[in-house]
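Now for the letters of each chain:
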Amino acid sequence: MSEQPSTPEHIAIIMDGNGRWAKERGLPRREGHRAGAESVRECVDACKQIGVRFLTLYAFSSENWNRPAAEITALMSLLEKFLDQKAEELMKQNVRLQAIGQLDRLPARTRAKLDQAMARTADNTSLTLILALSYGSREEITDAARSLVADAAAGKLKPEEVSPELLASRLYTSPFPDPDLLIRTSGELRVSNFLLWQISYSEIVIFKKFWPDFKQTDLFEAVAEYSRRHRRFGAL
Ligand code: IPE
Ligand code: IPE
Ligand code: MG
């Protein structure tokens, strides 16, 4: 069996624990989200250093719309600030920004800033940073099924032509490879509707620490752990 590369091509992260980080310090949850943005910077730098090609960050889930309006507003305004401040830095770092999720549910101003940052960085060639925003895997798979059924109803697709590859080509993630490594912070042992299809064979590394405490060295540690794993993909 051939050796697997020691650096993952694609890392996906469930950035969890911002609220608890803030609570521990007697701060409002918003401060946890603000501190979490610094960890994003750390991860982008770390991924660039070791040649990771794709970094997907779970920033806002479909279910997060059920949070109090004040928290949603705070998260959207932090995202806008991140996009305003980060676009210049992403250009300098040659990082391409992409997004997955039901982006049409985002507030118009947030969506406009996102579109602007994605357009500006579209030709960058080092790391691709993919933000999962208003993202839910069940919604994504449902959308993909809907698009296949529409083709079938229009007489353009036969049942026997439906394959895993065809379904994957209708997911929001179709331009990207599946994650090799999935990281979750804050110790929860669940995937919370994140990339259910795409993580079928991802290696999973869980950190107890909260997301705002996640630093470059933690990302390197996860990659070292990944490189020690033996991926079997069901074979021997
Ligand atoms: C992760 O931190 C960020 C988002 C889900 C937007 P949380 O806000 O879930 O923080 P905890 O898990 O409640 O501590
Ligand atoms: C997952 O975290 C979503 C994001 C990190 C954006 P949650 O805090 O929303 O997930 P649960 O509620 O712990 O499953
Ligand atoms: Mg959480």
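Definitions and limits used
Sequence order as written defines the numbering, with residues in each chain counted from 1. The naming scheme follows written order: chains are lettered A onward, ligands numbered 1 onward. Reporting of local features is limited, given that this is a predicted model, to residues whose pLDDT is at least 70; pairs of side-chain atoms are given and counted only at 80 or more, and all residues count toward the totals for whole chains, interfaces and linings. Side-chain measures were taken over the full set of non-hydrogen atoms in the model, leaving aside hydrogen atoms and water. Ring pairs shown here join Phe, Tyr and Trp side chains whose ring centres sit within 6.5 Å, with only the six-membered ring taken for Trp; geometry is labelled stacked below 30 degrees between planes, edge-to-face above 60, and tilted in between. Only runs of H or I of at least four residues qualify as helices and only runs of E of at least two qualify as strands under DSSP, and these elements are numbered from the N terminus. Exposed residues in this analysis have more than 50% of their type's maximum accessible area, buried residues have under 20%, and partly exposed residues fall in between, with area computed by a 1.4 Å probe over protein chains only. Note on definitions. A residue lies near a molecule or strand when any single heavy atom of the residue is within 4 Å of it. We define a polar contact as two N or O atoms separated by no more than 3.5 Å, with the added condition that, inside protein, one atom must be a possible hydrogen donor and the other a possible acceptor, whereas residues neighbouring each other in sequence contribute only through side-chain atom pairs. Computed with the Shrake-Rupley method and a 1.4 Å probe, the accessible areas treat only the protein chains shown as cover for residues. A 1.4 Å probe that fits but cannot get out identifies a cavity on a 1 Å grid over protein atoms alone, an open set with protein on both sides within 12 Å along at least five of seven lines counts as a pocket, and a residue lines either if it has an atom within 4 Å of a point. To be counted as sitting in a cavity or pocket, a molecule needs more than half of its atoms within 2 Å of that site's grid points.

## Quick word on the packing of aromatic side chains
(1) Moving on: Within the structure shown, the criterion is met by nine aromatic pairs.
(2) Moving on: Measuring from ring centre to ring centre gives 5.9 Å for Phe-54 and Phe-176, while their planes differ by 55 degrees; the resulting arrangement is tilted. Taken together, the positions of Phe-54 in strand 2 (residues 54-61) and Phe-176 in the loop between helix 6 (164-168) and strand 5 (181-184) put the pair 122 residues apart, joining distant regions of the chain.
(3) Moving on: Its relative accessible area of 11% is what places Phe-54 among the buried residues.
(4) Moving on: Their ring planes at 80 degrees and their centres at 6.0 Å tell us that Tyr-58 and Tyr-135 sit as a pair that is edge-to-face. A residue pair is termed long-range when its members are at least 10 positions apart, and Tyr-58 in strand 2 and Tyr-135 in strand 4 (residues 128-135) qualify at 77 residues. Each member of the pair, Tyr-58 as well as Tyr-135, carries the same accessibility label: buried.
(5) Moving on: Site record: aromatic cluster; members linked through ring pairs are Tyr-58, Tyr-135, Tyr-172 and Phe-194.

## A closer look at the site of ligand 1
(1) Moving on: Contacts to ligand 1 come from 13 residues, most closely from Asp-16, Gly-19, Arg-20, Arg-29 and Arg-67.
(2) Moving on: Separating an oxygen atom of ligand 1 from a side-chain N or O atom of Asp-16 is a distance of 2.8 Å.
(3) Moving on: For ligand 1, an oxygen atom lies 2.7 Å from a polar atom in the side chain of Arg-20.
(4) Moving on: Considering ligand 1 on its own, with 380 Å² of exposed area, one finds that the protein chains cover 87% of that surface.
(5) Moving on: Given that more than half its atoms are within 2 Å of the pocket grid, ligand 1 belongs to the largest pocket.
(6) Moving on: Of all the secondary structure elements, the ones that give two or more residues to the shell around ligand 1 are helix 1 (18-24), helix 2 (29-50) and helix 3 (69-92).

## So, the site of ligand 2
(1) Moving on: Every residue near ligand 2 is listed here: Ile-14, Met-15, Asp-16, Tyr-58, Ala-59, Phe-60, Asn-64, Arg-67, Arg-184, Arg-190 and Ser-192.
(2) Moving on: Take Arg-67: an N or O atom from its side chain is 3.3 Å from an oxygen atom of ligand 2.
(3) Moving on: The separation between an oxygen atom of ligand 2 and a polar side-chain atom of Arg-190 is 2.8 Å.
(4) Moving on: Calculation on ligand 2 without its partners gives an accessible area of 390 Å², and the protein chains cover 78% of this total.
(5) Moving on: If you map ligand 2 onto the pockets, it falls in the largest pocket.

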